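Chain residues, written in single-letter form:
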Amino acid sequence: EMCIRDRYMGVSTQSTWGQPHITNLNEDPLLTGKVVYYLNKSQTFVGKKNGNPMPDIILGSVGIKPNHAVFSHEEGVVYIEAADQEAGESTFVNGQALQEKRKLEHNDRVIFGTNTVFLYQDPEKIQHKKHDEPLEIDWEQAQTELLMQTDKIRQQQQQEQEMIQKQQIAEKMKEYETQYQAEKQKQDELIKKQQEDYMQKIKEIEEKLKKETEIREMEIQKKEAQRQFEELQACLLYTSDAADDLLCVDLGGRRIIKKKK
């Protein structure tokens, strides 16, 4: 509290100015740098007033969880880590969502929730800087950076989504092509089977017709042979009858009919 009050009063002691800290960036330049949180403790918790444990830095803006994040001071190096994945999605360092424990560098921009913006100050980098000099980075720069990173992420997500959709379409087309080829092969096999059955039936019919033709020809031949046989038999009978009278037949056995005078 003393450090914050000193900062408000525009007074900085040697003990406070040499500590790593975050200071606020405000849309109104006159309000920028009016709040300072020193990070000299091993752990400095960030959250709402109903957090457990009680946060050292209490924020009330939209998107802040009761236990949101923690700054850790380890051997002169300050890290920041989100309490969980949801908190990490609404905590940004230099415009990037806080996905894992991250080391802070001088002038890193830290945004909690939607609009609570801080600037991290490393004492080793500002030891030659006067406490009343204006900050190198303002609220608009931090917000523009966040918007650019957010837009970049959105574009990347959109591109990834488009790639996923293209991949899904390609996979679907491949699936349709496979189904089409399977159906085509099935139809081709069915048509081939039908053609084979049809040709087999034609062959059977041809064989049947051939047999029937052969039978008819045999019957015709048989009838012809029977007719010839009957004619021969009749001729033989005729010849036999005529043979009784040798004078009435010629050398071929044919009857000689004598004309009356």
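Up top you'll find the structure we're talking about.
These numbers were taken from a predicted model, which means no experiment stands behind them.

Draft legend 1. Broad picture of the overall build of the protein. In terms of regular secondary structure, the protein is built from five helices and 11 strands. Burial statistics for the protein: of 261 residues in total, 28% are counted as buried. Taking contacts inside the protein between residues at least 6 apart in sequence as the whole, the part at least 24 apart equals 42%. About 19500 Å² of surface is accessible on the protein, with carbon and sulfur atoms providing 53% of the total.

Draft legend 2. Region of the structure containing the layout of surface pockets. Looking at the largest pocket, its volume works out to about 500 Å³. What lines the largest pocket is a set of 21 residues, among which Q96, A97, L98, Q99 and I153 lie closest to the centre. It is helix α5 (residues 139-242) that provides the largest number of residues to the lining of the largest pocket, a total of six residues. Looking at the lining of the largest pocket, its residues break down into five nonpolar, eight polar and eight charged.

Draft legend 3. Examining the sheet that holds strand β6 (residues 77-82) more closely. Pairing is mixed in the open sheet, where five strands are placed in the order β4-β3-β5-β6-β9. Two strands close off the open sheet at either side, each with one partner strand: β4 (57-58) and β9 (102-103). Of the strand pairs in this sheet, strand β5 (residues 69-74) and β6 are connected by six bridges, and their pairing is antiparallel. Note that in β6 the partner of S72 across the bridge is Y79.

Draft legend 4. Summary view of unusual backbone geometry. Looking along the chain, the bond that leaves N52 and enters P53 is cis, with omega of 10°. Relative to the helices and strands, P53 is located in the loop between β3 (43-47) and β4.

Draft legend 5. Region of the structure containing the pairing of β5. Relative to β5, β3 runs antiparallel, the two being bridged by four bridges. From the neighbouring strand, T44 faces β5, where its bridge partner is F71. In sequence, β5 turns back onto β6 through a hairpin of two residues, with E75 there showing a positive phi of about 50°.

Draft legend 6. Representation of the sheet that holds strand β11 (residues 116-121) in the model. Pairing is antiparallel across the open sheet formed by six strands, whose spatial order is β2-β1-β11-β10-β7-β8. Either end of the sheet is taken by a strand with one partner, and the two such strands are β2 (36-38) and β8 (96-97). Here strand β10 (residues 109-112) pairs with β11 via four bridges, running antiparallel. In the sheet register, F112 faces β11, and the bridge partner there is T116.

Draft legend 7. Seen up close, the packing of aromatic side chains. By the definition in use, this model includes three aromatic pairs. For the pair F71 and F112, a centre-to-centre distance of 6.2 Å together with 85° between the ring planes defines the contact as edge-to-face. Within this pair, whereas F71 is found in strand β5, its partner F112 is found in strand β10, the two being separated by 41 residues in sequence. With a relative accessible area of 1%, F71 lands in the buried category. Look at F112 and F118: their rings are 6.1 Å apart centre to centre, the planes differ by 65°, and that puts the pair in the edge-to-face class.

Draft legend 8. Main features of a negative patch on the surface. On the surface, a cluster of negative charge is contributed by E27, D28, D138 and E140. In this structure, D28 sits in the loop between β1 (21-25) and β2. Here D28 falls in the partly exposed class, since its relative accessible area comes to 33%.

Draft legend 9. Representation of the pattern of salt bridges within the structure. Following the criterion strictly, the structure yields 12 salt bridges and no others. Salt-bridge contacts for R109 lead to E145; the nearest nitrogen and oxygen are separated by 2.5 Å. One end of the pair, R109, is in strand β10; the other, E145, is in helix α5, with 36 residues separating them in the sequence. Residue classification places R109 among the buried positions, given a relative accessible area of 16%. For E145, a relative accessible area of 19% translates into the label buried.

Draft legend 10. How the structure looks around the side chain of H21. Note that H21 resides in strand β1. Its relative accessible area of 2% is what places H21 among the buried residues. A distance of 2.8 Å separates the side chain of H21 from the backbone oxygen of Q19, its partner in a polar contact. Setting aside residues no more than four positions away along its own chain, H21 makes contact with V36, Y37, Y38, L39, L119, Y120, Q121 and I126.

Draft legend 11. Just the environment of H73, in detail. Examined against the element boundaries, H73 turns out to sit in strand β5. For H73, a relative accessible area of 22% gives the class partly exposed. Setting aside anything within four residues of it in sequence, one finds H73 in contact with P20, L39, N40, K41, S42 and V78.

Each value, and the rule that gives it
Residues numbered from 1 in each chain as written. Predicted model: local features only at pLDDT ≥ 70, side-chain atom pairs only at ≥ 80, totals over all residues. Heavy atoms only, no water. Helix = DSSP H or I, 4+ residues; strand = E, 2+ residues; numbered from the N terminus. Buried < 20%, exposed > 50% of the residue type's maximum accessible area, 1.4 Å probe, protein only. Contact = heavy atoms within 4.5 Å. Areas by Shrake-Rupley, 256 points an atom, 1.4 Å probe, with all protein chains shown as cover. 1 Å grid on protein atoms, 1.4 Å probe; cavity = no way out; pocket = protein on both sides within 12 Å on 5 of 7 lines; lining within 4 Å. Points joined across faces, edges and corners; volume = space filled by probe spheres on them. Nonpolar A, V, L, I, M, F, W, Y, C, P; charged D, E, K, R; others polar. Pairing = 2+ DSSP bridges. Phe/Tyr/Trp six-rings, centres within 6.5 Å; stacked < 30°, edge-to-face > 60°. Patch = residues over 30% accessible without salt bridge, like charges linked within 9 Å, V, L, I, M, F, W, Y side chains within 5 Å. Salt bridge = Lys/Arg side-chain N within 4 Å of Asp/Glu carboxyl O. Lys, Arg positive; Asp, Glu negative; His and termini not counted. Charge placed at Lys NZ, Arg CZ, Asp CG, Glu CD. Polar contact = N/O pair within 3.5 Å; in protein donor to acceptor, adjacent residues only side chain to side chain.

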